[in-house]
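# Geometric and topological summary
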Amino acid sequence: MDIILYTTHCPQCMVLEKKLQQKNVSYTVCEDVAEMRKLKLLSAPALSINGAKPMGFKESIDWINSLEV
């Protein structure tokens, strides 16, 4: 699974990253604001799975919580 975490290291970004780590999910970090703008992301964090349209914070948390450990 190819997962990209778009982050600015804000408090919500840190929560999302911590939840990914707690579930032992491998991911790549993208801190490139220009790339985020190119994808039309209006806020961070966002999570993209297998190249799909990035999900916002709430949807990302719901997805992580649905994973089996």
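Please refer to the structure placed before this passage.
Within every chain, residues take consecutive numbers counted from 1 along the sequence as written. With pLDDT at 70 or above as the cut-off, local features in this predicted model cover only qualifying residues; side-chain atom pairs require 80 or more to be listed or tallied, and sums for whole chains, interfaces and linings still use all residues. Where side-chain values are given, they derive from all heavy atoms of the structure, hydrogens and water being excluded.

## A few points about the nonpolar core
Condition: Within this scheme, the nonpolar core is defined by two criteria: the residues are buried Ala, Val, Leu, Ile, Met, Phe, Trp, Tyr or Cys, and they are joined through side-chain atoms within 4.5 Å. Buried means the residue's accessible area, taken with a 1.4 Å probe over protein chains only, is under 20% of the maximum for its type, while exposed means over 50%, and partly exposed covers the values in between. Strands here mean DSSP runs of E at least two residues long; helices mean DSSP runs of H or I at least four residues long; both are numbered from the N terminus. Two residues qualify as a contact provided that any one of their heavy atoms is within 4.5 Å of a heavy atom in the partner residue.
Listed in full, the 11 residues of the largest apolar core are Ile 3, Leu 5, Leu 16, Leu 20, Val 25, Leu 47, Ile 49, Met 55, Ile 61, Trp 63 and Ile 64. Secondary structure elements with two or more residues in this core: strand S1 (3-6), helix H1 (11-22), strand S3 (46-49) and helix H3 (57-66). For this core, the leading source of residues is H3, giving 3 residues. When neighbours within four sequence positions are excluded, Leu 5 is seen to be in contact with Leu 16, Glu 17, Leu 20, Tyr 27, Thr 28, Val 29, Cys 30, Pro 45, Ala 46 and Leu 47. Judged by nonpolar contacts, the second largest core, of 5 residues, contains Tyr 6, Met 36, Leu 41 and Ala 46.

## A closer look at the sheet that holds S1
The test is simple: Criterion used throughout: strands pair if DSSP finds at least two bridges between them. For helices, the fitted axis covers only the stretch in contact; all axes are lines through C-alpha atoms, and the angles between them, taken along N-to-C directions, range from 0 to 180 degrees.
Taken in spatial order, the 3 strands make up an open sheet running S2-S1-S3, and their pairing is mixed. Where the open sheet ends on each side, the last strands, each with one partner, are strand S2 (28-30) and S3. Each adjacent strand pair in this sheet contributes to an overall mean axis angle of 25°, direction not counted. Note: S1 against S3, 4 bridges, orientation antiparallel. Bridged to Ile 3 within S3 is Ile 49.

## Some details on H3
What counts, and what does not: Think of the arc as the fan of directions from the helix axis to the C-beta atoms.
Residues of H3 that are buried include every one of Ser 60, Ile 61, Trp 63 and Ile 64, and no others. Summarising the axial view, the buried residues of H3 lie within an arc of 160°, below the 170-degree limit, and thus occupy one face. In this fold, the buried residues of H3 make contact with S1, H1 and S3.

## Some words on the side chain of Ser 60
Filter applied, for reference: In protein, a polar contact requires one atom able to donate a hydrogen and another able to accept it; more generally it is a pair of N or O atoms within 3.5 Å, and residues adjacent in sequence count only if both atoms are side-chain atoms.
Inspection of the secondary structure assignment puts Ser 60 in helix H3. Of the polar contacts made by the side chain of Ser 60, one reaches the backbone oxygen of Met 55; its length is 3.3 Å. Residues in contact with Ser 60, not counting those within four places in the same chain, are Leu 16, Ala 46, Leu 47 and Met 55.

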